[in-house]
Amino acid sequence: MALRAAADVKADFERRMGRPATVVARAPGRVNIIGEHTDYNEGFVFPMALEQCTWVAAAPRTDGQVRVVAAELNDEQQWPRGGWSKQGFPGWTNYVAGVETLVGALRPGAPGADVLIASDVPVGSGLSSSAALEVSTALAFAALGGVTLEGQPLADLARRAEHEYAHVPCGIMDQYVSVLARRAHAFLLDCRSRTWEHVPLQLGDAVVLVVNSGVRHALASGEYAVRQKQCQAAVAYFRQRNPAVRALRDVTSADVEAHRRQLESLVAARARHVTTEDERTRAAAAALRKGDLETLGRLLYASHESLRRDYEVSCPELDLLVDIVRGVPGAYGARMTGGGFGGCIVAIVKQTAVPAVTEAVRARYDAAGHGPSYAIVTQPGPGAALEFRA
Ligand code: ADP
Ligand code: MG
């Protein structure tokens, strides 16, 4: 399906609101190529922005009301500027009102607004529709209020909205890549120093293929909390030996191996995933700098195995999808992406192999009663931008 352009969103706004939009902004979703569950261990992540974006068109209102239409959800809500309350509002308004309140605080006296949200990012599938929503609405509200908001402060504000209003304790990856990504590049982010490098994604005859499993198992958030505790237990052990250890970032996989017997077995397994994943993430960036897709692909498969066996955040559906990709000639590698327990896999496959992969997924996954799945072929897109201002 063709992706939206600014003109489509402007026309949609005018049709629904009966007047023209004065600003149009867009922010991409993302897929994490490698570096899973490393962010809260202060390690590295290596995502790229999708071409798929969330779009926001808006125009000021003089009555101080904020009226927001969420096209994908067929919903519309209204509240007085800065006066949203969680009570009685559906969950998606947490993100929008959080951003509206935080941007509004930067410039008291900002106007009300009519706002249209229209998105090409699958919602709730691990491709970070939430960050795309926060960043795009932040750009639109800032433009309406005459506030300059870009780069890291924009990403930080968006993340704050997710923490403080949606109460999702996410890492920095999603908002940073949505804001700071560069077309044709992946984004190597150091979650400790908050510094990043744009690494050219030289894929030659290959493409990035994202396959959505169509499932989301409910145990995820409870399990993530358990993983974080286990990581902290490993840090506590290593810190007793070396006070400089502040996070698993400061521990190598060789350290974990050397101390495996002293650690509780699950704690050792979790620490092994995090430390090897950090090493794989840096190796993946090095492989990409050389255009070495064979190595990149092997690292993706190894990441999946580690997430499945050591971190235990995969699920049968994701394992099956990775297996299916592995069986198709022309596939370099695949892994689950995102927190796990459902969502998507990411694969690097030859362009010519895409039909074979999608056919195999249809035959072995959907026809077996899983899903429904769907595949997205994508390139690394650019970071968020204000696309129109009257
Ligand atoms: P992900 O970020 O992986 O897509 P999340 O659970 O973090 O999944 O965020 C999904 C939530 O973000 C949705 O349940 C909804 O509340 C909100 N959201 C995302 N995109 C939109 C959208 N286009 N319109 C309205 N709400 C959205
Ligand atoms: Mg999210």
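Going by the structure above, here's the rest.
The paragraphs below set out a description of the structure included in this document. This structure is a prediction, so every number in the text was calculated from the model and none was measured. (Residues numbered from 1 in each chain as written. Chains lettered and ligands numbered in written order. Predicted model: local features only at pLDDT ≥ 70, side-chain atom pairs only at ≥ 80, totals over all residues. Heavy atoms only, no water.)

Considerations on the layout of surface pockets
Looking at the largest pocket, its volume works out to about 1300 Å³. What lines the largest pocket is a set of 47 residues, and nearest its centre among them are Ser-130, Glu-162, Val-168, Cys-170 and Asp-174. Sorting the residues of the lining of the largest pocket by element identifies strand S1 (23-34), helix H2 (92-106), strand S5 (112-119), helix H3 (129-145), helix H4 (151-164), helix H5 (173-180) and helix H6 (220-241) as the ones contributing at least two each. The leading source of residues in the lining of the largest pocket is H6, at five residues. The residue inventory of the lining of the largest pocket, partitioned by class, reads 20 nonpolar, 18 polar and nine charged. (1 Å grid on protein atoms, 1.4 Å probe; cavity = no way out; pocket = protein on both sides within 12 Å on 5 of 7 lines; lining within 4 Å. Points joined across faces, edges and corners; volume = space filled by probe spheres on them. Helix = DSSP H or I, 4+ residues; strand = E, 2+ residues; numbered from the N terminus. Nonpolar A, V, L, I, M, F, W, Y, C, P; charged D, E, K, R; others polar.)

Points about the site of ligand 1
With respect to spatial proximity, 16 residues lie near ligand 1, and among them Gly-124, Gly-126, Ser-128, Ser-129 and Ser-130 are the closest. Backbone polar atom of Gly-124 to an oxygen atom of ligand 1: 2.8 Å apart, as the coordinates give it. One nitrogen or oxygen atom from the side chain of Ser-130 is found 3.0 Å from an oxygen atom belonging to ligand 1. Protein burial of ligand 1: of its 560 Å² of free accessible surface, 79% is covered by the chains. A majority-of-atoms criterion places ligand 1 in the largest pocket. If one sorts the elements of the shell around ligand 1 by residue count, H3 sits on top with three residues. Looking at the shell around ligand 1 residue by residue, the class counts come to nine nonpolar, seven polar and no charged. (Near = heavy atom within 4 Å. Polar contact = N/O pair within 3.5 Å; in protein donor to acceptor, adjacent residues only side chain to side chain. Areas by Shrake-Rupley, 256 points an atom, 1.4 Å probe, with all protein chains shown as cover. Sits in = over half its atoms within 2 Å of the grid points.)

A closer look at the packing of aromatic side chains
According to the stated counting rule, one finds seven aromatic pairs in the structure shown. The interplanar angle of 90 degrees and the centroid separation of 5.1 Å between the aromatic rings of Tyr-237 and Phe-238 together place this pair among those described as edge-to-face. The class for Phe-238 is buried, based on a relative accessible area of 6%. These aromatic residues form a ring-pair network of at least three members: Trp-79, Trp-84, Phe-89 and Tyr-165. The ring centre of Tyr-311 lies 6.0 Å from the NZ or CZ of Arg-227, which sits over that ring. Just above the ring of Tyr-237 sits the side chain of Arg-241; from NZ or CZ to the centre is 3.7 Å. (Phe/Tyr/Trp six-rings, centres within 6.5 Å; stacked < 30°, edge-to-face > 60°. Buried < 20%, exposed > 50% of the residue type's maximum accessible area, 1.4 Å probe, protein only. Lys NZ or Arg CZ within 6 Å of the ring centre and 35° of its normal.)

Considerations on the pattern of salt bridges
For the structure on display, the rule yields 29 salt bridges. Residues Arg-246 and Glu-42 are paired through a salt bridge, measuring 3.8 Å at the closest nitrogen-oxygen approach. Taken as a pair, Arg-246 in the loop between H6 and helix H7 (253-258) and Glu-42 in the loop between S1 and strand S2 (44-61) lie far apart in primary sequence, 204 residues in all. Close ionic contact of Arg-270 with Glu-312 constitutes a salt bridge, the shortest N to O distance being 3.0 Å. (Salt bridge = Lys/Arg side-chain N within 4 Å of Asp/Glu carboxyl O.)

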